[in-house]
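Structural overview for review
These are the residues of each chain, in order.
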Amino acid sequence: MAAGVAAWLPFARAAAIGWMPVANCPMPVAPRDHSKRQDELIILNVSGRRFQTWRTTLDRYPDTLLGSSEKEFFYNEETKEYFFDRDPDAFRSILNFYRTGKLHYPRYECISAYDEELAFFGIIPEIIGDCCYEEYKDRKRENLERLQDDQEENKDMRLPNMNFRETMWRAFENPHTSTMALVFYYVTGFFIAISVITNVVETVPCGATANQKDMPCGERYTVAFFCMDTACVMIFTVEYLMRLFAAPSRYRFMRSVMSIIDVVAILPYYIGLVMTNNEDVSGAFVTLRVFRVFRIFKFSRHSQGLRILGYTLKSCASELGFLLFSLTMAIIIFATVMFYAEKGSSSSKFTSIPASFWYTIVTMTTLGYGDMVPKTIAGKIFGSICSLSGVLVIALPVPVIVSNFSRIYHQNQRADKRRAQKKARLSRIRIAKAGSSNAFLQSKRNGLLNELLELTGTEEDEQKLTKNTSLLESQHHHLLHCLEKTTAHEFVDEQIYEQNCLETALQSYPSRSPSVSSHDGSLGTCCSRRVKRNTPLPNASVPPAHPVPAHQGPLQELSAVHIQCGDPPCHTTSRSNLNLKTDDSSRINCKSGQITTAIISLPTPPALTPDGDGLHGPPQRRPPPPPGHPPAPSIQTTTSSAGTNIVKVSAL
Amino acid sequence: MDAKRVETISARVDAAVSSPDSVEDELELSAVRHRPEGLEQLEAQTRFSRKELQILYRGFKNECPSGVVNEDTFKDIYAQFFPQGDASTYAHFLFNAFDTDHNGSVSFEDFVMGLSILLRGTVQEKLNWAFNLYDINKDGYITKEEMLDIMKAIYDMMGKCTYPVLKEETPRQHVEIFFQKMDKNKDGVVTIDEFIDCCQNDENIMRSMHLFENVI
């Protein structure tokens, strides 16, 4: 429950009167406010500065230091105030959180000091309001990065328990980790450079021999170049295979860009080996050699800048696409115009519109080769317009793209981090909220414990338990309990609900609608569970012990195994149909009071739901149930495969 | 109820250049603030003591600084008490029950009057209030459709994860039981007299009416 609306709990409880005429069962007893004191001002002395507030303001958030009994540790008897030896400036925003329900981050405050204050007072930083959350997270991230730089030297420590494969992968990814890795890194870099230089030098004319004309070096020293090429490719192949072996996820590695580049770099060589000197395909083979230039991209493993460039190009694809599109539009327009303008002139180079494309591109990018020039006046006029607009069309998007580069690049980095934090933040807030609904289920269990202790334990044990829930919580739980009673249904855990759904799907059962049965029966169904327990209340009507309509419910995990001891024939015991395969209709009756053993674990079964969470009445022995009951059934305990105890109950 | 004092603060921001009748440059801010009647008057009208009224008002004003609750805020506040289900429909009915003069907002007087009936009123008054809640169109009769709406709203608050599993016809069956109990002359509607009569004969209901007496 959001503690901020704790002030409205009395209203919500009062409005529950609207359910009363509709409910068919009696309501649980309300928790009594033992400490009926008026609202009082309490003084919080923080390092000499005195803050005053109402006690109920602080009680709004019972899971923080100030809202719980933890502050009693700081109570000073002589001065009758709570003394905290903390920073009074930071305390202002913390106290404002209680007052307004919103936590703000003061900008002048150091981020780690503020974090410490929040941790001391038991407030999670995730509830900082949206107005200040951005600032808070930015400062925190900066701080973390600054701290991280100091820690980076420690990162290269050798982690224990790394097998050979992981070591190798780490060596590949971070060359600075070991000498071997560094050597490997430089060797591969060297061979990439060699390979690229070889490709280039291959085509340089090497000087004429006596009998032949100028030849490129590649054809002159074929063997040498071939050996060089082979050596490089062998190194690259070995490197690729080693990376493939060491990769933690081979499939993902094979799909990554770098490995594709590797493959493309070495493939032409092998294809060349495979293909013989077949004249037809050698033309295609020559083309393949072009792909050898892709080896230069292998340098991006060695250069951070190349990687950043590739990434930013990828992220600016839409802007680049727009530039290309607008250029294309302009080119087509001007080419058409120029073609028709120059159509009349003789010996014009503008033979067709596609031929004019070349002129337009050269003019718009202000290259101006001069191989095609317009001769007519109209052509010259349009030509000048073309070059002027070319400057505009190209000059305008480029700065936009450049600024987009830097903006998108930085933004991307920040957005990724923010997204990761947001998910964690939201999930943490969700967990805190879910705790409120779980708190109710938990208190039901506590209530069960309460009753057990009433009968078997001592007064102190019971007091210990009831102290755990605050008055506010117990009132809220009582409210939810009343709703359960009104609707004759219970709140359960998500998991149990799923389980129930599964099991109802598995078996078919007669429609269990207690409400369509007779008036007595309906009262008997849900109320019969309660009546035998309502000993403090007078006029408790005891329903006759006749079977009520079958509640052939799904398999339930018992949270409390009630084993009878004593005289069996005198008591009705609770029977629930726990065995999926049973044929006889089982009956769910009120459970009697003889409880001797209890094993509490999740979840609470319905037949054993406790009565009212704040059963503060004095422990009483249950009166002996009326006579004339069916003989006690036998109870066997079997353990299911899941390890939970399932009690099989069958009537004798 | 006495006339409320409502202050409307409006400020106009005109652009320097444009003419006064250009719509987009005018910014009219109006904040409705409501101040309740004096403490003595409320003390006289309700059954709360001065201190109790003080505590109530502090809590009220904290959540609604403007002094009035509109339906959305009301639904939000009420929904926080029932995290597992959907409390908005029932909150809507509750809102109509509290908003006695049907002006779309619940002021502090409405709030405290309602609470006074619910917490300090006689059983007759409480039953009257409950009947008023169920009678959605305030015509003096509770029909099956109205009751079904209310019932569905109550069951909605339970949410999905319940034991036993909530089925489609559960609210309808519950309405049937209710009508069997309450509708004495079987004419398909429940009048206020039938309702009060039947409730006074039902021990459970009578007992539960006293349940929240010491809430404040």
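From a predicted model like this one, the values you see are computed outputs, not experimental measurements. (Residues numbered from 1 in each chain as written. Chains lettered and ligands numbered in written order. Predicted model: local features only at pLDDT ≥ 70, side-chain atom pairs only at ≥ 80, totals over all residues. Heavy atoms only, no water.)

1. Details of the overall build of chain B
The helix and strand inventory of chain B stands at ten helices and seven strands. Residue pairs in contact within chain B that sit at least 24 positions apart in sequence constitute 57% of those at least 6 positions apart. (Helix = DSSP H or I, 4+ residues; strand = E, 2+ residues; numbered from the N terminus. Contact = heavy atoms within 4.5 Å.)

2. Some points on the overall build of chain A
Each helix and strand counted, chain A has 21 helices and seven strands in total. Residues counted as buried form 40% of the 652 residues belonging to chain A. Restricting to contacts in chain A with at least 6 residues of sequence separation, those with at least 24 account for 66%. For chain A, the exposed area adds up to about 35,900 Å²; of that, 61% sits on carbon and sulfur atoms. (Buried < 20%, exposed > 50% of the residue type's maximum accessible area, 1.4 Å probe, protein only. Areas by Shrake-Rupley, 256 points an atom, 1.4 Å probe, with all protein chains shown as cover.)

3. Quick look at helix α2 (residues 50-63) of chain B
All names here are of chain B. With 14 residues, α2 ought to run about 20 Å at 1.5 Å a step, and its terminal C-alpha atoms sit 20 Å apart, in line with that. What α2 keeps buried is the set Glu52, Leu53, Leu56, Gly59 and Phe60. Each buried residue of α2 lies within a common arc of 135° when the element is viewed along its axis, so the set occupies one face. Next to the buried residues of α2 lie α1 (39-45), β3 (68-70), β4 (105-107) and α5 (108-120). (Expected span 1.5 Å × (residues − 1). Arc of directions from axis to C-beta.)

4. Looking at the interface of chain B and chain A
Each partner contributes to the interface: chain B provides 62 residues, whereas chain A provides 65 residues. For the chain B and chain A pair, buried surface summed over both sides reaches about 5,800 Å², with 68% attributable to carbon and sulfur atoms. When residues of chain B are sorted by the area they lose upon contact with chain A, B:Phe81, B:Tyr163 and B:Phe212 head the list and together hold 15% of the total. If you look at where chain B meets chain A, you find zero salt bridges. On the surface where chain B and chain A come into contact, there are seven residue pairs in polar contact (both at pLDDT 80 or more). For the side of chain B that touches chain A, the per-class residue count stands at 43 nonpolar, eleven polar and eight charged. The pairing of strand β5 (residues 490-491) of chain A with strand β6 (residues 162-163) of chain B spans two bridges and is classified as antiparallel. When the bridges of β6(B) are listed, A:Glu490 appears paired with B:Tyr163. (Buried area = accessible area lost by both parts, 1.4 Å probe. Salt bridge = Lys/Arg side-chain N within 4 Å of Asp/Glu carboxyl O. Polar contact = N/O pair within 3.5 Å; in protein donor to acceptor, adjacent residues only side chain to side chain. Nonpolar A, V, L, I, M, F, W, Y, C, P; charged D, E, K, R; others polar. Pairing = 2+ DSSP bridges.)

5. Description of the confidence of the model for chain B
All names here are of chain B. Averaged over chain B, the pLDDT score is 79; the fraction of residues at 70 or greater is 84%. Highest mean pLDDT in chain B belongs to helix α4 (residues 88-98) (90); lowest belongs to strand β1 (residues 5-11) (42). Segment residues 1-30 is flagged for pLDDT under 50; beyond a separation of four residues in sequence, or across chains, it makes 41 contacts in the model. Prediction confidence for the complex, expressed as pTM and ipTM, is 0.44 and 0.75 respectively. (pLDDT = per-residue confidence, 0-100.)

6. Structural notes on the pairing of strand β4 (residues 81-84) of chain A
Residue and element names in this part refer to chain A. In this sheet, β4 lies alongside strand β1 (residues 41-46) in parallel orientation, the contact comprising three bridges. Residue Leu44 lies in a different strand from β4, and its bridge partner there is Tyr82. Sheet topology places strand β3 (residues 75-76) next to β4; two bridges connect them, and they run antiparallel. The residue bridging Tyr75 from the neighbouring strand is Tyr82, located in β4. In sequence, β3 turns back onto β4 through a hairpin of four residues, with Lys80 there showing a positive phi of about 55°.

7. Notes on the nonpolar core
General note: in soluble globular proteins, nonpolar side chains tend to be found buried as a group. Within the largest apolar cluster, 79 residues are counted, with the highest numbers of intra-cluster contacts made by A:Trp19, B:Tyr78, B:Phe82, B:Leu94, B:Met147 and B:Phe195. Per-element tally for this core: the top contributor is helix α7 (residues 144-158) of chain B, with nine residues. Contacts of A:Trp19, omitting those with residues within four sequence positions, involve A:Leu479, A:Cys482, A:Leu483, A:Thr486, B:Tyr78, B:Phe82, B:Tyr90, B:Tyr134, B:Ile154 and B:Met157. Counting 26 residues, the second largest nonpolar core, distinct from the first, contains A:Val46, A:Leu65, A:Tyr82 and A:Phe121. (Core = buried A, V, L, I, M, F, W, Y, C linked by side-chain atoms within 4.5 Å.)

8. Examining the pattern of salt bridges
All chains considered together, the criterion is met by 26 salt bridges over all chains. Note that A:Arg428 and A:Glu126 form a salt bridge whose closest N and O atoms lie 3.4 Å from each other. Taken as a pair, A:Arg428 in helix α17 (residues 397-456) and A:Glu126 in the loop between α4 (111-120) and α5 (130-155) lie far apart in primary sequence, 302 residues in all. Here B:Glu40 and B:Arg50 are joined by a salt bridge, their closest N and O atoms 3.6 Å apart. Of this pair, B:Glu40 sits in helix α1 while B:Arg50 sits in helix α2, and the two are ten residues apart along the sequence. Ionic contacts of the salt-bridge type, sharing partners, join the residues A:Glu239, A:Arg243, A:Asp262, A:Lys298 and A:Arg301 into one network.

9. Quick notes on the UniProt feature "domain: EF-hand" (unreviewed entry) in chain B
Residue and element names in this part refer to chain B. Mapped onto this structure's residue numbering, the UniProt feature "domain: EF-hand" (unreviewed entry) falls at residues 86-121, 122-157 and 170-205. From the first C-alpha to the last, residues 122-157 spans 28 Å; its make-up is 72% helix and 8% strand. Overall, residues 170-205 shows 72% helix and 8% strand. The separation of its end C-alpha atoms is 21 Å. (UniProt positions renumbered as here; feature names shortened; annotations may be inferred.)

10. Regarding the side chain of B:Thr170
Tracing the chain through its elements places B:Thr170 in helix α8 (residues 170-182). You can call B:Thr170 buried: its relative accessible area is 10%. Separated by 2.9 Å, the side chain of B:Thr170 and the backbone oxygen of B:Lys167 make a polar contact. The residues touching B:Thr170, leaving out its near neighbours within four places in the chain, are A:His489 and B:Tyr155.

11. Comments concerning the side chain of A:Thr237
All names here are of chain A. Turning to its location among the elements, Thr237 is positioned in helix α9 (residues 222-246). Judged by relative accessible area, Thr237 falls into the buried class, the value being 15%. Every residue in contact with Thr237, bar those within four places of it in the chain, is listed here: Ile266 and Tyr270.

12. A closer look at the packing of aromatic side chains
In total, this model carries 47 aromatic pairs over all chains according to the counting rule given. Where A:Tyr105 meets A:Tyr114, the ring centres are 5.0 Å apart and the plane angle is 65°; that geometry is what we call edge-to-face. Residues A:Tyr105 and A:Tyr114 agree in their burial class; the two are buried. Directly above the ring of A:Phe236 sits A:Lys298, whose terminal nitrogen or CZ lies 4.6 Å from the centroid. The residue whose ring lies beneath B:Lys144 is B:Phe179, and the NZ or CZ to ring-centre distance is 5.5 Å. (Phe/Tyr/Trp six-rings, centres within 6.5 Å; stacked < 30°, edge-to-face > 60°. Lys NZ or Arg CZ within 6 Å of the ring centre and 35° of its normal.)

13. Notes on the sheet that holds β1(A)
Residues and elements named next belong to chain A. Across the sheet, which stays open at both edges, the four strands sit in the order β2-β1-β4-β3 with mixed pairing between neighbours. Each of the sheet's edge strands pairs with one partner strand only, and the pair in question is β2 (49-54) and β3. Against the sheet, helix α3 (residues 88-100) makes contact with β1 and β2, and its axis sits at roughly 5° relative to β2, the strand it touches most. (Axes fitted to C-alpha atoms, helices over the stretch in contact; angles between N-to-C directions.)

14. Considering the packing of helix α19 (residues 471-487) of chain A against α7(B)
Relative orientation of the contacting elements α19(A) and α7(B) amounts to 130°, with a least axis distance of 10 Å. With respect to their mutual orientation, α19(A) and α7(B) come out oblique. Remark: the crossing between α19(A) and α7(B) carries left-handed chirality. Along its contact with α19(A), which presents A:Leu483, A:Glu484 and A:Thr487, the element α7(B) presents B:Ile154, B:Tyr155, B:Met157 and B:Met158. The residue inventory of the contact of α19(A) with α7(B), partitioned by class, reads five nonpolar, one polar and one charged. (Parallel < 35°, antiparallel > 145°, perpendicular 65-115°, else oblique. Left-handed = near helix turned anticlockwise from the far one by under 90°.)

15. Things to note about a nonpolar patch on the surface
Residues and elements named next belong to chain A. Side chains of Phe226, Tyr270, Leu273 and Val274 sit close together on the surface and give an oily, nonpolar patch of about 400 Å² of accessible area. The leading source of residues in the nonpolar patch is helix α11 (residues 257-274), at three residues. Here Leu273 is to be found in helix α11. (Patch = residues over 30% accessible without salt bridge, like charges linked within 9 Å, V, L, I, M, F, W, Y side chains within 5 Å.)

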